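Structural description and commentary
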Amino acid sequence: MGFPGTWMTESESMVYRVVPKCACSTIGQIMYYSDHGRYFDGDIHDAKDGLYKWALDNSKGPITENVRQHKSLSFTCVRNPYTRILSSFFDKICGIQRNGVRYRGNLVPMLVQKYGIEVGGDDGQGEFDQIASFRRFLLFARDTVAFRKPMDPDIHWSAISSHVGTFIINGGTYDKILWTENFNEGMQDVLNTTDTPTPIELDQVPRFNESEGHGPKRAHPVADYFDDLSMHLVYEMYKQDFELFRYDRQDPGNKMPLSEIDLDEVHAKLGG
């Protein structure tokens, strides 16, 4: 299976396992800048050179050799499951994508028909009952994760642990796992531990959020979107994410982790 979703700097200063909706655009741009002294002009996901990416055939050999021999610092970044799936809803379900169309073609029309979801009109900017529609989307997301119906779970709402785990199962070892909610401190720790060709000051890094502006703005506090049933569905889908990455399942309004991540526990539980 190899190392899907893995990026590495060309200097091999660091290896990163991408987790969608967890600061991946910003991390990719930091990695790119640390080698080249400039940011990639566009969405870093579109870059075909300047970074090793598992999806590119000429990257598989260098990444495999580096990861299996643990030559470089390897890390990933995680996010509170409540805010992550809410972000996925507004970006991928309600929003218009960079190519000017809805995400995954007929997905949104199917959700409107079968789950009664509203998305704010053709331009993704109209008014609608965000809370009701999000809760219906959660039923759909649960169906994909638990039953793989009416489709397999999408990478943007499949469990973080499922992304993180493939790296371990195939022979990788994490040196650090960052929290999106404490990003600068964690990313600075990565940079302090690596020898990059170009120094980078995190407080000077622009905000790279490629999904910003795709859909409507969130109209309510995070906690308002989650009633008891919604919290149950989120925990059903992401139980391991809450436990391994130390997030608060009881309070959707608390995005911050409760305690430190135990890397040994993560490797033991995701490496089987």
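Relevant structure appears above.
In short, a report on the structure.

**Quick word on the packing of aromatic side chains**
Remark: the centre distance and the inter-plane angle together describe each pair of aromatic rings, the angle taken between the planes. Throughout the structure, instances matching the rule amount to 22 aromatic pairs. With a centroid separation of 5.5 Å and an interplanar angle of 70°, the aromatic rings of phenylalanine 89 and phenylalanine 134 are classed as edge-to-face. Pair noted here: phenylalanine 89 is in helix H3 (residues 81–93) and phenylalanine 134 is in helix H5 (residues 130–147), with a separation of 45 residues, a long-range link. Pairwise contacts between aromatic rings join Tyr82, Phe89, Phe90, Tyr115, Phe134, Phe137, Phe140, Trp157, Tyr225, Phe226, Tyr235 and Phe242 into one cluster. Positioned over the ring face of tryptophan 7 is lysine 53, at 4.7 Å from the centre of the ring. One Lys or Arg, lysine 92, reaches over the ring of tyrosine 103 and ends 5.0 Å from the middle of that ring.

**What to know about the nonpolar core**
With 57 residues, the main nonpolar core has Ile93, Phe137, Trp157 and Phe245 as its most contacted residues. At the level of elements, helix H2 (57–69), H3, helix H4 (107–115), H5, helix H6 (160–169), strand E5 (176–179), helix H8 (228–245) and helix H9 (263–270) are the ones that each hand at least two residues to this core. Among the elements that make up this core, the one with the highest residue count is H8 (9 residues). The contacts of tryptophan 157, once residues within four sequence positions are left out, are Arg84, Ile85, Ser88, Ile93, Leu107, Phe137, Phe140, Ala141, Thr144, Val145, Met151 and Tyr238. One finds Ile27, Ile44, Ala47 and Leu202 within the second-largest nonpolar core, a separate group that totals 25 residues.

**A closer look at the pairing of strand E1 (residues 6–9)**
The alternating pattern of E1 places Thr6 and Met8 and Trp7 and Thr9 on opposite faces, both of which are buried. Pairing analysis gives 3 bridges linking E1 to strand E2 (residues 14–17), with the strands arranged antiparallel. Note on E2: the bridge partner recorded for tryptophan 7 is tyrosine 16. The pairing of E1 with strand E3 (residues 51–53) spans 3 bridges and is antiparallel. Across the sheet, threonine 9 pairs through a bridge with leucine 51, a residue of E3.

Each value, and the rule that gives it
Residues numbered from 1 in each chain as written. Predicted model: local features only at pLDDT ≥ 70, side-chain atom pairs only at ≥ 80, totals over all residues. Heavy atoms only, no water. Phe/Tyr/Trp six-rings, centres within 6.5 Å; stacked < 30°, edge-to-face > 60°. Helix = DSSP H or I, 4+ residues; strand = E, 2+ residues; numbered from the N terminus. Lys NZ or Arg CZ within 6 Å of the ring centre and 35° of its normal. Core = buried A, V, L, I, M, F, W, Y, C linked by side-chain atoms within 4.5 Å. Buried < 20%, exposed > 50% of the residue type's maximum accessible area, 1.4 Å probe, protein only. Contact = heavy atoms within 4.5 Å. Pairing = 2+ DSSP bridges.

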